[in-house]
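Chain by chain, the residues:
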Amino acid sequence: MGPPGGRGSTTARGSLQHLLLFLLFLGPFNCFASYSRATELFYSLNEGLPAGVLIGSLARDLRLPTAGGQRPAALQPPLSFTLASRGLGGQYVQLDNRSGELHTSAVEIDREALCVESSGATVFGGAAAVSSSSSSLPSSESCLLLLDVLVLPQEYFRLVKVKIAIRDVNDNAPRFPVPHIHLSVPENAPVNTRLAIEHPALDPDVGTNGVQTYRLRDNYGVFTLDVEENESGERTPYLIVMGALDRETREEYVTVIVAEDGGTPPLVGSATLTIGISDINDNCPQFSDSQLNITLYGNSSLGTHVATVHAVDMDLGSNAQITYSYSQKVPQPSRDLFHLDKSTGTITLSSKVDGDTLRLHRLIILGNGPGCIPAVISVLVTIIKVMMRPPEVVPRFIANEVEGVVYLKELEPINTPIAFFTIKDPDEKYKANCYLDGDGPFRLSPYKPYNNEYLLETTKPLDYETQQLYEISVVAWNSEGFHVNKIIKVQVLDDNDNSPVFSQQLIELSIEENNVPNAFLTKLHATDADSGERGQVSYFLGPDAPSYFSLDKTTGVLTVSTQLDREEKEKYRYTVKAVDSGFPPRESIATVAITVLDKNDNSPRFINKDFSFFVPENFPGFGEIGVISVTDADAGQNGWVALSVLNGSDIFVIDTGKGVLRAKVSLDREQQSSYILWIEAVDGGDPALSSTAKITILLLDINDNPPLVLFPQSNMSYLLVLPSTLPGSPITEVYAVDKDTGMNAVIAYSIIGRRGPRPESFRIDPKTGNITLEESLMQNDYGLYRLLVKVSDHGYPEPLHSTVMVNLFVNDTVSNESYIESLLRKEPDISIEEKQPQISIEPTHKKMESASCMPTLVALSIISLGSIALVTGMGIYICLRKGKKHHRADENLEVQIPLSGRINLHMLEKKPVEISNI
C-alpha cells in the first residue's frame, strides 16, 4: 500500500468519478441496485459533549470485509468514507475518511437549539438534515441528526443513512414566563376547589428533565398545589383550596410558587404568586340599635330633621349598597307625616302637625341589601302638643359647617371655638336656659357680658383615630318646661399625625446559604392609623442595605437576588423604612437581622498542599514530629475535621483533634531515610467532604554508626613487602565505610601505634587510607611491622572510630609461615599515639644522606649473594608448598583476601609494585 494521500487516494478519486459517470449512464435502470445497497445506522449521544468523542465506527458496524484480517484502511484499494454533502448536520461531526470513525466536532450540540419544540427543522437540498421525530423511534421527544455517507471504492459502494439521536441532559432550569402571577379566588370557594394557574413554568428540556412538580413556599394552611398532565404531556399546576376563606378577615395572600424539574440534581425556578380573595355578598346590613326614641314638638316647621338611621354591610361595592324603606306595617298617615330618604336613612317632617295628628308614631324602617333579609329598626316619634311657643335656638357657626355638620381637624388646639348660640324666648315672658347634651370633648358656656349668648368650643384635642363623628345637642328650656334642642354633628377630619408602625421593630430571619436567586425572605407589615392616602404605606430599604436585597414597595415582600455564602458573610443587619403618603410624609424604621445558615459546601483545606518535616533519626516513639494544620470554612458539625493517615498507618499515627503527627517507633535513617505519607481530612457534614495532603518526613542523620573497616578483613592477615620496594610506592590500603551521611560519614585514617624494626618507614594517607613506603628498606629493616590504624569519622558532637591492625612482613620471601603466624598471635606491645589525623598533610620527602662508595659496594655484593640465595630458596619453597597442601587446608590462618570488584579496581588504579598478598 502507498502512503495516505498517495496512489491509493488517487485511485479512490478516479473510482468515484468513473462510478458517477456509470450511474448517470445507467439512469433509472440502476435505481433498484442502488436501493439494495443502501444501509441505515442508528447512534445516540448526549448533547453538549466536547470535540473528539467517538460516536461510532461505520466500518465495524457495517461489517465491511477486511483483507487478511487487516483494518479496512489496509485494503487495496483502501476503503473511503465521505459525507455526501456537508449540510447542517455535517458541522456537528467529524468523519475519518480512512477508518470510518465518526466523532463529535468542535461545534457543541445543543438539543434545545437544534430541535425547537415539536417541529423538526429539516434542510432540503443537502444530505444532512435535522429532525425532531422519526418513524424508527417510538418516542415523540426524539431529536435526530441525519447524515448521508458514501462508502468507496466501487466494489464496496453503498449509501449509508446515519441517524444520530441527540439525548437530552438537564441543562435548563424551569422558568416562569412572568415574575408575578395573580390569581383570584372567591371567598365562598368550597374546599377542594381547583383553579388553574395560567402561567405554568417552561423548561426547554424534555422527559424527566422537564418540569415535574410544583410547590408553594408558604401555603398559609389553606392552599396546596396539584399538577395535571394532558395528552401532549404538558403539566399544568392547579391551586387547590384546602380551607375556608373570608375576605373580610384577609383579602390577599402572597407566596412563592416553585417549579422543579426531574433532573439529577433537580433545577428549580420561582415566581411570586398573589392570591386575591374576591368579595361575595355573604354579609347583610345590620343596625347598631333596634329602636330610637325621638321627641318632636308640635310647632316644628316643615323639613325639621327628626332622626337618621344607619345600617352597616361588611361587603364591598355593590354588595354593600343599602337602601332604606318603610315596612308595610307603617300606616299611611305616618308615611305622609314623615319622609324617609331611601339612600341616607334621614327622616324629616313632611307635613304640618295639627290637632288631628296622632301624638305617637312607630316607624318600622327596613335596611335592604342585595339578596339579604332586611335589617329592622323601630323609630318611636312622640309629638308634644305646644300651647305656647318654645324657646328658639339660633346658631352662628365659626367653624366650617355644611348642612348642619361641622368639620374640625384633629390637630386643632384646645378651646377651638365652634359656634355661637343665641337663645330667644318668643313670648319674652319666661327665662330660658341652655345646656349641652351628648358625649364628647366639648363645652357650652355663657359668653359674657352678653345675655342668652353661649359659646360652643373644644375642651381637649380631637383624635380621628379614636372617634371620627360626634353628635351633640344644644338644649334650650324655659321655666314652663318647654325644651328645644338643636342637634350638631361634628366630623373630625383626619390629619397625617401617625407614623407607620412595624409589627416588629427587630425582624430576625434565617436562610440557608447557596439559596436560589430571588429567594423569598419575609413579608414586612406596617400599619398606619391615618385614613386614605395618609394611611397608605410604602416600603423601602435603608441606605445600609446591600444592593442584592430587594424590597417590593407595595407588598413589602423582601427577597435576595443572589446566592448568599455564609463563609463570606454570616450575618446581615440593615434598616427598612415604612413611609406613608401624607404631606409631609411620616416614616418609621425597623431593623432586619438575617443569619445565613451553614451548609456543608466547603471541603477541609490544608494550610499547605505539601508538608515537609525534618526529624533526627532515633527520635523517640510517639514524639511529636509536626503539626498538620487544616481548616474548614464551614461552621458547627460541618466544620469539624477528622484527620487520618491513608498509608503508613502501621508506623505513624495522627492526633485527630490537634493534628499532631507522631511515629509509633523510633526511626532509623540507615534503614529508611524518608517517608511520604498521605493525610486525609474529613469534615462532619452529611454528606462528608474531604481533602488530602502530602507529608514528606526526612530523617536527619546523627552520628550513631562508627566506620566499618572492610579491608583488611582481619587483624591476623599480613602482606609481604619486598625489600626492593621503592620509596613512595603504595603498599596496601585501609578501606572503611560509614552508614551515616554528611560529615558523620567523612572518614580520616591515622596510624596511632607502630611496631617493627623501623616502624616510621610507612605512612598512611588520612583521606584515602593508602599506606605507602616512605624510605628505602635496608638489610636491618627486615622483619614484621605492625601498624595500628585508627579509622575515625567527623561526626558531631562526638566522632566515632574503629581500629584495625595492618601487618607488613618485610622480606625477600616467606620461608616459614608458621613462624609469622605465631608472631601475629602474640599480643603486640604497641604504644598508642593519640594525635588527630591531618587530612591535608603533604607527603614528606625523604632526605638523601650522603654515603661513601664503600658501603655501596658492600651493598651490591650483598644483593648479588642475596639474589642467588633467593632463587635457591624459592625452588625449595615451591617443593615444600606442594608437599604441604593437604596440611595447610586444616590450618586456621587468616589471610588478606581482596573484596570482590572494588579492591581489584582500586589496586589497578594504584598500579602497585611487586607485592605478594599471602
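Residues numbered from 1 in each chain as written. Predicted model: local features only at pLDDT ≥ 70, side-chain atom pairs only at ≥ 80, totals over all residues. Heavy atoms only, no water.

**Q** Sorry, what's going on with the overall build of the chain here?
**A** Across its full length, the chain holds nine helices and 61 strands. Long-range contacts, defined as pairs at least 24 residues apart, comprise 67% of the intrachain contacts of the chain with a sequence gap of at least 6. When the accessible surface of the chain is summed, it comes to about 50700 Å², and 53% of that surface belongs to carbon and sulfur atoms. (Helix = DSSP H or I, 4+ residues; strand = E, 2+ residues; numbered from the N terminus. Contact = heavy atoms within 4.5 Å. Areas by Shrake-Rupley, 256 points an atom, 1.4 Å probe, with all protein chains shown as cover.)

**Q** Would you mind showing me how to read the side chain of E457 here?
**A** Structurally, the position occupied by E457 is in strand 31 (residues 453–458). In this structure the side chain of E457 is engaged in a polar contact, spanning 2.7 Å, whose partner is the side chain of R443. (Polar contact = N/O pair within 3.5 Å; in protein donor to acceptor, adjacent residues only side chain to side chain.)

**Q** Which parts of the structure should I look at to understand the sheet that holds strand 18 (residues 305–308)?
**A** Strand-to-strand pairing in sheets goes through backbone hydrogen bonds, with the strands running parallel or antiparallel. With respect to topology, three strands assemble into an open sheet ordered 18-22-21, the strand pairing being antiparallel. Each edge of the sheet is formed by a strand with only one pairing partner; in this case those strands are strand 18 and strand 21 (338–340). On average, adjacent strands in this sheet sit at an angle of 20 degrees to one another, irrespective of strand direction. (Pairing = 2+ DSSP bridges. Axes fitted to C-alpha atoms, helices over the stretch in contact; angles between N-to-C directions.)

**Q** What's the story with the confidence of the model for the chain in this structure? I'm lost.
**A** As a general rule, the predicted coordinates of low-pLDDT regions are not to be interpreted in detail. Averaged over the chain, the pLDDT score is 80; the fraction of residues at 70 or greater is 81%. Low pLDDT (under 50) marks residues 118–138, which in the prediction has 51 contacts with non-local residues, meaning those over four places away or in another chain. Low pLDDT, under 50, characterises residues 838–853; the stretch is placed with eleven contacts to residues that sit more than four places away or in other chains. (pLDDT = per-residue confidence, 0-100.)

**Q** Just to check I follow, could you spell out the pattern of salt bridges for this structure?
**A** Side chains that differ in sign of charge can pair as their charged atoms come close. As enumerated under the stated definition, the model contains 22 salt bridges in all. D226 is the partner of R194 in a salt bridge, and the nearest nitrogen-oxygen pair spans 3.0 Å. Placement of R194 in strand 10 (residues 194–196) and of D226 in strand 12 (residues 223–229) is noted, with a sequence separation of 32 residues between them. With a relative accessible area of 35%, R194 lands in the partly exposed category. The partner of D598 in a salt bridge is R566, with the nearest N and O atoms 2.9 Å apart. Here R566 lies in the loop between strand 40 (557–560) and strand 41 (571–580) and D598 lies in the loop between strand 42 (587–597) and strand 43 (605–606), a separation of 32 residues in the sequence. In this structure, D598 and R566 share a single accessibility class: buried. Salt bridges linked by common partners bring R247, E248, E251 and D279 together as one network. (Salt bridge = Lys/Arg side-chain N within 4 Å of Asp/Glu carboxyl O. Buried < 20%, exposed > 50% of the residue type's maximum accessible area, 1.4 Å probe, protein only.)

**Q** How should the nonpolar core be read in this particular structure?
**A** Note on soluble globular proteins: their nonpolar side chains tend to be buried together. Among the nonpolar cores identified, the biggest contains 27 residues, and L58, F81, L102, L114, V149, V162 and I164 are the most heavily contacted of them. Counting residues per element, the ones that place at least two in this core are strand 1 (39–46), helix 3 (58–61), strand 3 (80–83), strand 4 (93–95), strand 7 (144–152) and strand 8 (158–167). (Core = buried A, V, L, I, M, F, W, Y, C linked by side-chain atoms within 4.5 Å.)

**Q** How should I be thinking about the state of the cysteines in this particular structure?
**A** Taken as a whole and judged by the stated rule, the model has two disulfides. Linked covalently through their sulfurs, C115 and C143 form a disulfide whose S-S length is 1.8 Å. Since a negative S-S torsion denotes a left-handed disulfide, the C115-C143 link at about 75 degrees is right-handed. Of this pair, C115 sits in the loop between helix 4 (111–114) and strand 6 (129–131) while C143 is found in the loop between strand 6 and strand 7, placing the two residues 28 residues apart along the sequence. Each member of the pair, C115 as well as C143, carries the same accessibility label: buried. Two residues, C284 and C372, share a disulfide whose sulfurs are 2.3 Å apart. Classification of the bridge connecting C284 and C372 rests on its S-S torsion, roughly -85 degrees, and on that basis the disulfide is left-handed. Residue C284 is found in the loop between strand 15 (268–278) and strand 16 (286–287), and its partner C372 is found in the loop between strand 23 (360–368) and strand 24 (375–384); the two are separated by 88 residues along the sequence. (Disulfide = S-S within 2.5 Å.)

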